[in-house]
Amino acid sequence: MATGTEPQPNSGGVRAGTRAAIDAPHLRTDRWWLAPAVTAAGLFAFVVYSTWRAFANAHYYAAPYVSPFYSPCLAENCRTMHAGPNADLFGSWWGISPAIIILIFPLGFRLTCYYYRKAYYRSFWASPPACAVAEPHRRYTGETRFPLILQNVHRYFFYAALLVAGVLTYDTVLSFRDTHYRWGHMGLGTLVFLVNIVLIWAYTVSCHSCRHIVGGKLKHFSRHPVRYRAWQFVGRLNARHMQLAWASLLSVALADFYVYLVASGVFDDPRFF
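Residues numbered from 1 in each chain as written. Predicted model: local features only at pLDDT ≥ 70, side-chain atom pairs only at ≥ 80, totals over all residues. Heavy atoms only, no water.

The name given to the protein chain in an unreviewed UniProt entry is Integral membrane protein, with Streptomyces collinus as the source organism.

Right under this line is the structure:
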């Protein structure tokens, strides 16, 4: 007698012979597709914008502001920035945009981030597209094979992200100058940079790898009160890791766009004092 749960031959994934034979791909009636669609649109928009700005190689410095996409500037063809993050490590042979050199580190950190993995796995690879919605793939190997096995280098990108955040902090300090590099001034760009660096640090420190580094492998928190308090702080930030990921992604794009507008002459940076 048929029960409706007979195995289905010659199928894979959720249609494998060991799974229940349910005709409906899922039983969700809500708009489950909306979240991955919005995520895909947001990430795609950032990829398009950052690619354009990275290869533009122009309008990334308007004293005293330098775009976070171009900082630190490690090529000889960088614009000269007074006391700025210039380091001519790449000589005249480097002919394309200097942003390509440095962006690999913050982008690598975000690409391997635990939250972003979930975001683009669902949005672009439908693996799975949503909770309780079957993925279309016949097989699942996780992050055990190339290229996804490279996700395991996330901790090392975290160390690089700390260095980049340090440089961006230095850039934020330099933003308290005027166009003639005199200290004690603040413009709208300074405020933009301040908001951006706070969000950058919050996102970086809320990373799962940071939480493990701070409090991992401790058998007795009572013997390490400082690390325990630090672990608690990072844990509270970690609970907002998704929100911080999106907020910092938006803020770094807005900081770059602000520099672009000022550097291209669209408007002058308003000065508060």
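From this point on, the discussion continues.
**Describing the state of the cysteines**
Working definition of a disulfide: a covalent bond connecting the sulfur atoms of two cysteines. Heads up, the condition is: When two cysteine sulfur atoms are found within 2.5 Å, that pair is recorded as a disulfide. Under the scheme applied here, a residue whose accessible area is under 20% of the maximum for its type counts as buried, over 50% as exposed, and between as partly exposed, the area being computed with a 1.4 Å probe on protein chains only.
Counted by the stated rule, this structure contains 1 disulfide. Two residues share a disulfide in this structure: Cys73 and Cys78, whose sulfurs sit 2.1 Å from each other. As the torsion about the S-S bond is roughly -95°, the Cys73-Cys78 disulfide counts as left-handed. An identical accessibility class is assigned to Cys73 and Cys78; each is buried. Cysteine Cys207 shares no disulfide, and the gap to the nearest cysteine sulfur, in Cys113, comes to 6.3 Å.

**Details of the nonpolar core**
A general tendency of soluble globular proteins is for nonpolar side chains to be buried together. For clarity, the cut-off: We define a nonpolar core as any set of buried Ala, Val, Leu, Ile, Met, Phe, Trp, Tyr and Cys residues linked to one another through side-chain atoms lying within 4.5 Å. Here, residues are in contact when the closest pair of their heavy atoms is within 4.5 Å.
Counting residues in hydrophobic clusters, the biggest one holds 47 residues, and the most contacted among them are Phe69, Tyr116 and Tyr203. With sequence-adjacent residues up to four places away left out, Tyr203 is seen in contact with Phe109, Arg110, Cys113, Tyr116, His241, Leu244, Ala245 and Ser248.

**Looking at the side chain of Ser175**
Rule in force here: Starting at the N terminus, helices and strands are each numbered in turn, a helix being any DSSP run of H or I of at least four residues and a strand any DSSP run of E of at least two.
Along the chain, Ser175 turns up in the loop between α4 (154-174) and α5 (188-205). Ignoring sequence-local partners within four residues, the contact set of Ser175 consists of Pro64, Tyr65, His185, Thr190 and Phe193.

**Comments concerning helix α1 (residues 34-56)**
Let me state the cut-off plainly: Expected span of a helix: the number of residues minus one, times 1.5 Å.
Counted at 1.5 Å a residue, the expected span for α1 with its 23 residues is 33 Å, and the 33 Å between its end C-alpha atoms agrees. Against α2 (99-111), α3 (114-125) and α8 (241-263) lie the buried residues of α1. Taken from the residues just after α1, Asn57 is the one with a positive phi, measuring 55°.

**Quick look at helix α7 (residues 225-238)**
In plain terms, the rule: What the arc measures is the spread of directions leading from the helix axis to the C-beta atoms.
For α7, which comprises 14 residues, the first-to-last C-alpha distance of 19 Å matches the rise-based estimate of 20 Å (1.5 Å per residue) to within 8%. Those residues of α7 that sit buried are Val234, Gly235, Leu237 and Asn238. Buried residues in α7, looked at end-on, bunch into an arc of 160°, giving them a common side. Opposite the buried face of α7, by more than 90 degrees, sit the exposed residues Arg229 and Arg236.

**Topic: empty space enclosed by the protein**
Going by this rule: Grid spacing is 1 Å over the protein atoms alone, the probe is 1.4 Å, and a cavity is where that probe fits but cannot get out, while a pocket is an open set with protein on both sides within 12 Å along at least five of seven lines and lining residues have an atom within 4 Å of a point. Grid points are joined across faces, edges and corners, and a volume is the space filled by probe spheres set on the points. Throughout this entry, Asp, Glu, Lys and Arg are counted as charged residues, while Ala, Val, Leu, Ile, Met, Phe, Trp, Tyr, Cys and Pro are counted as nonpolar. The remaining residues, Gly among them, count as polar.
Within the structure shown, the criterion is met by 3 cavities of 30 Å³ or more. In terms of lining residues, the largest cavity is bounded by 17 residues, among which Pro106, Arg110, Val164, Ile200 and Val252 are the most central. Only α2, α4, α5 and α8 provide two or more residues apiece to the lining of the largest cavity. Considering each element in turn, the lining of the largest cavity owes the most residues, 5 residues, to α2. Of the residues belonging to the lining of the largest cavity, the class tally is 15 nonpolar, 1 polar and 1 charged. Computed from the structure, the second largest cavity encloses a volume of approximately 50 Å³. What lines the second largest cavity is Pro68, Leu168, Asp171, Thr172, Phe193, Asn196, Ile197 and Ala255. Looking at the lining of the second largest cavity, the elements that each hand over two or more residues are α4 and α5. For the lining of the second largest cavity, the residue count by class is 5 nonpolar, 2 polar and 1 charged.

**Points about the layout of surface pockets**
Here the largest pocket is characterised by a volume of approximately 400 Å³. Lining the largest pocket we find 19 residues, and of these Leu43, Phe46, Val47, Leu107 and Leu111 sit closest to its centre. Elements with a minimum of two residues in the lining of the largest pocket: α1, α2 and α3. For the lining of the largest pocket, the leading source of residues is α1, giving 8 residues.

**Re the packing of α4 against α5**
Angle between the axes and distance between the axes: these two values describe a pair of packed helices. This is how it is decided: Helix axes use the C-alpha atoms of the stretch in contact, all axes being lines fitted to C-alpha atoms, and the angles between their N-to-C directions lie in the range 0 to 180 degrees. Any angle that is under 35 degrees is reported as roughly parallel, and any over 145 degrees as roughly antiparallel; angles of 65 to 115 degrees are reported as roughly perpendicular and all others as oblique. Handedness of a helix crossing follows the sense of rotation of the near helix relative to the far helix, less than a right angle counterclockwise being left-handed and clockwise being right-handed.
α5 packs onto α4 with a crossing angle of 160° between their chain directions and a minimal axis gap of 10 Å. Overall, the two elements α4 and α5 adopt an arrangement that is roughly antiparallel. Viewed along their axes, α4 and α5 form a crossing whose handedness is left-handed. Contacts from Phe158, Ala161, Leu162, Ala165, Gly166, Leu168, Thr169, Asp171 and Thr172 of α4 reach α5 at Phe193, Leu194, Ile197, Ile200, Trp201 and Thr204. When its residues are assigned to classes, the contact of α4 with α5 shows 10 nonpolar, 4 polar and 1 charged.

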